[in-house]
Amino acid sequence: GLQRSLNYGARVQHTFALNSLTSGLSSIYRQEGIAGLWKGSIPSVIKAAPSAAITFTAYEAILAWLLITQAVPAAADSSKGKP
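Quick summary incoming for the structure in this document.

Calculation notes
- In every chain, residue numbers begin from 1 and rise along the written sequence.
- In keeping with the model being predicted, local features are shown solely for residues with a pLDDT of at least 70 and side-chain atom pairs are shown and tallied solely at 80 or more, while totals for entire chains, interfaces and linings include all residues.
- In computing side-chain values, all of the structure's heavy atoms are included and hydrogens and water are not.
- For patch detection, residues must exceed 30% relative accessible area and be free of salt bridges, and they are connected within 9 Å for like charges or within 5 Å for nonpolar side chains (Val, Leu, Ile, Met, Phe, Trp, Tyr).
- Exposure was quantified through the Shrake-Rupley algorithm and a 1.4 Å probe, taking into account, for residues, occlusion by the shown protein chains and nothing else.
- Any carboxyl oxygen of Asp or Glu within 4 Å of a side-chain nitrogen of Lys or Arg constitutes a salt bridge here.
- Numbered from the N terminus, helices here are DSSP runs of H or I no shorter than four residues, and strands are runs of E no shorter than two.
- Any residue under 20% of the maximum accessible area for its type is buried, any over 50% is exposed, and the rest in between are partly exposed; the area is computed with a 1.4 Å probe on protein chains only.

What follows is about a nonpolar patch on the surface. Taken together, the side chains of Leu21, Leu25, Ile28, Tyr29, Ile34, Leu37 and Trp38 make up a nonpolar region of the molecular surface, amounting to roughly 750 Å² of accessible area. Within the residue set of the nonpolar patch, elements represented by two or more residues are helix H1 (21-32) and helix H2 (34-37). Among the elements that take part in the nonpolar patch, H1 stands out by supplying 4 residues, more than any other. The topology assignment puts Leu21 in helix H1. Take Leu21: its relative accessible area is 66%, and that puts it in the exposed class.

Encoded structure:
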C-alpha cells in the first residue's frame, strides 16, 4: 500500500493556530488587506453556480410536472358533479 508521511494527521503547530474567527479575520486583514478576505471567492462561485443552476432547474421542472399531474385529476373530479 501507500506509505503515509510521518506528519500525516499531525496537528498544526501552535504558532500557526488561530484562537477564534475574529483573530483569524484580523490576521488576514493585517497581512493581506481587504482583498485577502475575498481571496478565492470567484473560483468558489464558479464551482458552485452550475450545481445551483441544475438544482434550481430540476426543482422547477419537477414542481411544474407535479402541479400538472395533480391538477388534471382534481379538474376531472369537479366536473363529475355538474349536470
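Still more to cover.
Moving on to the pattern of salt bridges. Applying the stated criterion across every chain yields a total of 1 salt bridge. Where Lys39 meets Glu32, a salt bridge forms, and the shortest distance between an N and an O atom there is 2.7 Å. Residue Lys39 is classed as exposed on the basis of its relative accessible area of 60%.

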